[in-house]
Each structure stands twice: as structure tokens, then as C-alpha cells.
Amino acid sequence: LGVAGLPEWQEFEASPPHGRQLDVSFSAQANAQENTLFLWQRNVKTTWNVLLNGRKLGALEALAQPLVLALPIPAGLLKDGENRLSIVRPPSAMLDDIVVGEIALDPRPRAEALAEATLEVAVTDAESGAAVPCRLTLVEAAGEALAPLSAAPGQRLAVRTGVVYTGDGQARLGARAGGYVLHATRGFEYSVASERLTLGAGETRRVALRIRREVPTPGLVACDTHIHTLTLSKHGDATLEERMLTIAGEGIELAVATEHNHHADYREPAARTGMNPHFTPVVGNEVTTKAGHFNAFPIAAGSVLPDAQLTDWAGLLHNIRTVTGAQIVTLNHPRDVHQNFTPLGADNFDAATRHISVSKYA
């Protein structure tokens, strides 16, 4: 799917798109209970809505990797006779060529359809034998698409299609019967442990994996100095609690909270989720203005918020340092457009002198 004559990628130059949207008519019976729609997708980076009989079911996941999306169909949405499924790109969305296919309707509720088989996983450190925070990735053996899965209730996990972060290396998951490859890892410094498996309907499969630290980093600290949550910054999709699991699961040792115009302190949620032994939280702030986004850290306890209405960089940076005590201030994503301003855009940045002009806001 895409815009004819405007291929986003070279691979699509010789392949005209089906169109700007997909409409599929099919026969079905009215559903008295929730059903499930399975849909394969690849190369999605913007919002493509999935509609059934004119009603929005959900949206494709913004992910380049191939994955199988599992969307619940509410009771009563299917009707006897002809039905129509549509995948629609909003008119205002940016250029985005995507591939979709292998669409299937399952008469069972989503929770039941994703519980044909059970997978119990335990990941430990190969040296100490201790349970370790990590990321689990489940892909279909044929095609390596991220597989839809479910998690048994009562677990502290961050779960998405084909991906699970666990704070203690333990997870009990549901999946459809079939062939898979399960991977366990913990960021760039650790090995990857993988196991190929086949899950039969009604089967409970126990898998023990071991990962080890492969990259010695004495005297160095693994940092992430630009972190957001949906809870505090209202974008992305990770809650505050889930973010604690992903930080630990990726082996980050120094985590700088940089929520938009918010002095966030991750110490309490890190303790609440049991992740505090694995990383040191640092209070920061992504000071978000019309003249750019600036990460500032570390911020002194009790500091007032910087004046995000300032657009003169000299005055803004002075204000940030003065009111927060931050020793480090960085300019974020300088080539991105935010509020019609691009710091390193052709209108503002002189590559010869390395001078950035923000005079439009003076």
C-alpha cells in the first residue's frame, strides 16, 4: 500500500502499490462473542487504521519489522452476509509504503486464541546462575515475524507483540500453536540465547535460557540520557512501571529521566517494581520550547521548572542552568521539525560557520 509514483523505498520502485488503502469484502456470520482478527504487516511507521464495517478496530503497529497483529472484534460487529475490512492511511499522514497480508478471522476471543499453548520461560545469568532482567522476543519460525502473545495475569511484565520485558527473567506466556524461535538478551553487552521450538495445542513448554555478559566495560557505565514514558510525556506507549522494566531489561545502568517540561524522578517507581538494584535513576528534563528541545541533567532536588516560553537560546540556556543546577544541556533531534522549527534546517543552520539562527523568534 502506498502512493503510486512516489515509492518510499528503492525496493518498491518496480512494484506499483495496490492503492492508498486496502478494502476486502468477505462473507461471515454475526458474532455473538468477541472474535479475533490476525493480520501480517511490515514496514509501518505511521498510523494506518483498521476498520471493520466502517468501525475502527485499531491501528497497525508503527514498526518496520514484520509482525502478526491480533485485534479483538467486539461482539455484534460482524454481520450475516457481506462484511468489509479496510486498512486506511489518514490523508494527513506522511509518505509511508507498507506491506500487509495473510489476514485471518478467528471465531474465538483474543485471550482464548492466544492461549492455545503455554510457554514458561526462565532466564538466568550464565556465570552466577541468578535470575536476570531481560528482553524476550518470540518470532514465528516461518518468516520470522514477531508473534502475537499473551501474558498470564499477576506478572510484572511489559508485553507487546512478540516482545516481553521481565524484571526477574521469568514469564508465563500464551501463544498460538505453531513453530517459533525464542530469543533472550539484555542489551548490547550481553549474549543472545535462542531456542527453536514447536508448540502444540494444549501444551505447556518450559524453556530455560542462559545469557552472559560478553563485553567487559570496567570503568564505564551504560547510559540512556533521553527517556520518556506515556505516563508523564503522553507519547510512546510505555507506562512508568513498564519503562522501569525496559531500562533494566536492556542493561542500562544510568537512566536519565527526560520527560517533557517535567522534573521526573524514577527512584520511587524503580523501587516499587523491584528494579532499583539494577540502575541508578537521574532526574532530568527535556525542556520543550518553540525553539528546540533541550535535555538538562542532573537536576537538583526541589528545582523550579525552566521557562519553556523563552526562545532566545542564550537566555534559555542561562535560565535552565540557573534554576535547575543542570551541568549538562544538550540539543535534541536537531534535524527534526517541531512546531515548524528545525534547528539544523537550511533556513536556520549555516554549515560553513556552524551558526544556528533562531532570530525568527526574537
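Structure first, text after, so check above.
The text that follows walks through the structure, step by step, so that each part is easy to find.

About the thresholds
Residues numbered from 1 in each chain as written. Predicted model: local features only at pLDDT ≥ 70, side-chain atom pairs only at ≥ 80, totals over all residues. Heavy atoms only, no water. Helix = DSSP H or I, 4+ residues; strand = E, 2+ residues; numbered from the N terminus. Buried < 20%, exposed > 50% of the residue type's maximum accessible area, 1.4 Å probe, protein only. Contact = heavy atoms within 4.5 Å. Areas by Shrake-Rupley, 256 points an atom, 1.4 Å probe, with all protein chains shown as cover. Pairing = 2+ DSSP bridges. Axes fitted to C-alpha atoms, helices over the stretch in contact; angles between N-to-C directions. Expected span 1.5 Å × (residues − 1). Arc of directions from axis to C-beta. Salt bridge = Lys/Arg side-chain N within 4 Å of Asp/Glu carboxyl O.

Here's the deal with the overall build of the protein chain
Phase 1: Of regular secondary structure, the protein chain possesses five helices and 24 strands.
Phase 2: Within the span of the protein chain, comprising 362 residues, buried residues form 46% of the whole.
Phase 3: Long-range contacts, defined as pairs at least 24 residues apart, comprise 66% of the intrachain contacts of the protein chain with a sequence gap of at least 6.
Phase 4: Carbon and sulfur atoms make up 53% of the accessible area of the protein chain, which amounts to about 18,000 Å² in all.

Observations regarding the sheet that holds strand S5 (residues 67–73)
Within a beta sheet, neighbouring strands are joined by backbone hydrogen bonds and run either parallel or antiparallel to one another.
Phase 1: The sheet built from three strands is open, its strands ordered S5-S2-S7 with antiparallel pairing. The open sheet has two edge strands, S5 and strand S7 (99–106), and neither has a second partner. This sheet shows a mean twist of 20° between the axes of neighbouring strands, independent of strand direction.
Phase 2: In this structure, strand S2 (residues 35–42) lies alongside S5, joined through seven bridges in antiparallel fashion. Across the sheet, Leu39 pairs through a bridge with Leu69, a residue of S5.

Digging into the pairing of S2
Phase 1: Across the eight residues of S2, seven count as buried, placing the element largely inside the fold.
Phase 2: Of the strand pairs in this sheet, S2 and S7 are connected by six bridges, and their pairing is antiparallel. Bridge assignment links Thr36 to a residue of S7, and that residue is Asp106.

Digging into helix H5 (residues 313–324)
Owing to its 3.6 residues per turn, the α-helix brings residues three or four apart onto one side.
Phase 1: Compared with the 16 Å implied by 1.5 Å per residue over twelve residues, the 16 Å span of H5 between its first and last C-alpha is a close match.
Phase 2: Along H5, the residues that are buried comprise Trp313, Leu316, Asn319, Ile320 and Thr324. The buried side chains of H5 occupy one side of the element, clustering within an arc of 130° when seen end-on. Counted as exposed and oriented over 90 degrees from the buried face of H5: Ala314, His318 and Thr322.
Phase 3: Looking at the buried side of H5, the elements it contacts are strand S20 (285–289), strand S21 (292–297), strand S22 (328–331) and strand S24 (355–356).

Brief notes about the sheet that holds strand S10 (residues 150–151)
Phase 1: What the four strands build is an open sheet, ordered S10-S13-S8-S16; its pairing is mixed. In this open sheet, the two strands that pair with only one neighbour each are S10 and strand S16 (204–211).
Phase 2: One ladder, built from eight bridges, connects strand S8 (residues 117–125) with S16; its direction is parallel. If you follow Asp125 over to S16, its bridge partner there is Ile211.

Overview of the environment of Arg172
Phase 1: Considering the arrangement of structural elements, one finds Arg172 in strand S13 (residues 170–175).
Phase 2: Residue Arg172 is classed as partly exposed on the basis of its relative accessible area of 35%.
Phase 3: Between the alpha carbons of Arg172 and Arg206 there is a distance of 9.1 Å; along the sequence they are 34 residues apart.
Phase 4: Excluding its chain neighbours within four sequence positions, the residues that come into contact with Arg172 are Thr118, Leu119, Glu120, Ser150, Ala151, Ala152 and Gln155.

Brief notes about the pattern of salt bridges
Phase 1: One pass over the full model with this rule turns up 17 salt bridges.
Phase 2: One salt bridge connects Glu189 with Arg213, and the closest N-O pair in it is separated by 2.1 Å. Here Arg213 lies in the loop between S16 and strand S17 (223–227) and Glu189 lies in the loop between strand S14 (178–185) and strand S15 (193–199), a separation of 24 residues in the sequence.
Phase 3: A relative accessible area of 15% places Glu189 in the buried class.
Phase 4: A relative accessible area of 34% means that Arg213 is categorised as partly exposed.
Phase 5: Through salt bridges that share partners, Glu8, Lys45 and Asp96 make up one connected network.

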